[in-house]
Amino acid sequence: MKIAIGCDEAAYNLKIVLKEHLESKGYEVDDFGAGKGEVILYPDVAYKVADAVAQGKYKRAVLVCGTGIGMCICANKVPGVRAAVCHDQFSAQRSRMSNNAQIICMGERVIGTELAKALLDTWLDSEYSEKSRSQPKVMRINELEQEHIKAAK
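Quantities reported herein were computed from a predicted structural model and do not represent experimental measurements.

**Student:** Can you walk me through helix H1 (residues 12-24) in this structure?
**Tutor:** Look at H1: 18 Å from first C-alpha to last across 13 residues, which is about the 18 Å you get at 1.5 Å a residue. Along H1, the positions that sit buried rather than exposed are Tyr12, Leu14, Lys15, Leu18, His21 and Leu22. Buried residues along H1 sit in contact with strand E1 (2-7), strand E2 (28-31), strand E3 (60-65), strand E5 (103-107) and helix H5 (113-125). Once H1 ends, the next one or two residues include Gly26, with phi positive near 95 degrees.

**Student:** Would you explain the sheet that holds E1 in this entry?
**Tutor:** Pairing between the strands of a sheet comes from backbone hydrogen bonds, and it takes one of two forms, parallel or antiparallel. The strand order across the open sheet built from five strands is E2-E1-E3-E5-E4, with neighbouring strands paired in parallel fashion. Two strands in the sheet have a free side with no partner beyond their single neighbour: E2 and strand E4 (83-85). Geometrically, the sheet is characterised by an average inter-axis angle of 25 degrees between neighbouring strands, direction not taken into account. Looking at chain direction, E4 and E5 are connected through three bridges and run parallel. Bridging across to E5, Ala84 finds its partner in Ile104. Against the sheet, H5 makes contact with E1, E3 and E5, and its axis sits at roughly 165 degrees relative to E5, the strand it touches most.

**Student:** Looking at this structure, I do not really get the environment of Ala61. What am I missing?
**Tutor:** Inspection of the secondary structure assignment puts Ala61 in strand E3. A C-alpha to C-alpha distance of 14 Å links Ala61 and Leu14, two positions 47 residues apart in sequence. In this structure Ala61 touches Ile3, Ala4, Val49, Val53, Gln102, Ile103, Ile104 and Trp123, once residues within four positions along its chain are discounted.

**Student:** When you look at the packing of aromatic side chains in this model, what are you seeing that I'm missing?
**Tutor:** Note on aromatic pairs: each is described by the distance of the centres and the angle between the planes. Under the criterion given, the structure shown has one aromatic pair. Geometrically, the ring pair formed by Phe32 and Tyr58 is edge-to-face, given 5.9 Å between the ring centres and 80 degrees between the ring planes. With a gap of 26 residues between them, Phe32 in the loop between E2 and helix H2 (42-54) and Tyr58 in the loop between H2 and E3 connect regions that are remote in the sequence. On the basis of relative accessibility, which here comes to 8%, the residue Tyr58 falls in the buried class. In this structure, Arg60 is placed above the aromatic ring of Trp123, and the distance from its NZ or CZ to the ring centre is 4.9 Å.

**Student:** Can you help me understand the pairing of E5 in this one?
**Tutor:** Looking along a regular strand, one sees the side chains alternate between the two faces of the sheet. Where burial is concerned, most of E5 is hidden: five out of the five residues are buried. Neither face of E5 is left uncovered, since the one carrying Ile103, Cys105 and Gly107 and the one carrying Ile104 and Met106 both have all their residues buried. With helix H4 (residues 89-97) bridging E4 and its parallel neighbour E5, the resulting β-α-β unit is right-handed.

**Student:** Explanation requested: the pattern of salt bridges in the structure shown.
**Tutor:** Per the stated rule, a full pass over the model turns up nine salt bridges. For the salt bridge of Asp31 with Lys15, the shortest nitrogen-to-oxygen distance reads 2.8 Å. Here the residue Asp31 occupies a position in strand E2, and Lys15 occupies one in helix H1, the gap between them amounting to 16 residues. What makes Asp31 partly exposed here is its relative accessible area of 32%. With a closest N to O distance of 3.0 Å, Glu114 and Lys117 form a salt bridge. Taken as a pair, Glu114 and Lys117 lie in helix H5 at a separation of three residues, close to a single helical turn. Owing to a relative accessible area of 54%, Glu114 belongs among the exposed residues under this scheme. Through salt bridges with shared partners, one network takes in Lys15, Lys19 and Asp31.

Reading guide: rules and limits
- Residue positions are counted from 1 within each chain, in the order its sequence is given.
- For a predicted model such as this one, the threshold for reporting local features is a pLDDT of at least 70, and the threshold for listing and counting side-chain atom pairs is 80 or more; totals across whole chains, interfaces and linings nevertheless cover every residue.
- In computing side-chain properties, one takes all heavy atoms of the structure into account and sets aside hydrogens as well as water.
- Secondary structure is summarised from DSSP: a helix means a run of H or I of at least four residues, a strand means a run of E of at least two, and numbering begins at the N terminus for each.
- One fewer than the residue count of a helix, multiplied by 1.5 Å, yields its expected span.
- Relative accessibility decides the category of a residue: with a 1.4 Å probe and only protein chains considered, values under 20% of the type maximum give buried, values over 50% give exposed, and everything between is partly exposed.
- Only heavy atoms matter for contacts: two residues are in contact if any of them lie within 4.5 Å across the pair.
- Pairing between two strands is assigned when DSSP locates at least 2 bridges connecting them.
- Each axis is a line fitted through C-alpha atoms, and for a helix only the stretch in contact is used; angles between axes span 0 to 180 degrees, taken between their N-to-C directions.
- A pair of Phe, Tyr and Trp rings is counted when the ring centres sit within 6.5 Å of each other, with Trp represented by its six-membered ring. The angle between the planes then sorts it: under 30 degrees is stacked, over 60 is edge-to-face, the rest tilted.
- Consider the ring centre and the ring normal. A charge sits over the ring if Lys NZ or Arg CZ is within 6 Å of that centre and within 35 degrees of that normal.
- When the strands point away from the viewer and the connection leading from the first strand across the helix to the second strand turns clockwise, the crossover is called right-handed.
- Salt-bridge detection follows one rule: a side-chain nitrogen of Lys or Arg within 4 Å of a carboxyl oxygen of Asp or Glu.

On their own, these measurements won't tell you what the molecule is for.
In structure tokens, the structure reads:
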């Protein structure tokens, strides 16, 4: 699987750790994030990654910043994208299994690298099933999104 990853300068170190972790597991990783010492606005990174996910270029993506919150907010502005901040195992699992999140967001200032790697593994190992009890809820999210898009025209 090909995975997109992005960060701002606040999470450059975590991005490097997660990118190497993914590559060691055989994933192909495309880096949309800040380079070492580069200052970059996280909304720009989040938008580029989320847009690539929405276009179907990536099934999954990782966004990291100081808290994960700003990246998540911005990524969720892109139609068709579901991003979730995950700083614990249960949230990482349920973001996939219950909400079909395509993007996981984490904060370098919130969690350590070993926990971040474990959360990423949990998230990648979790799958969404269209036969789950969550399917009507996810479908309703999609319907509401489409209603909003139509109303904005």
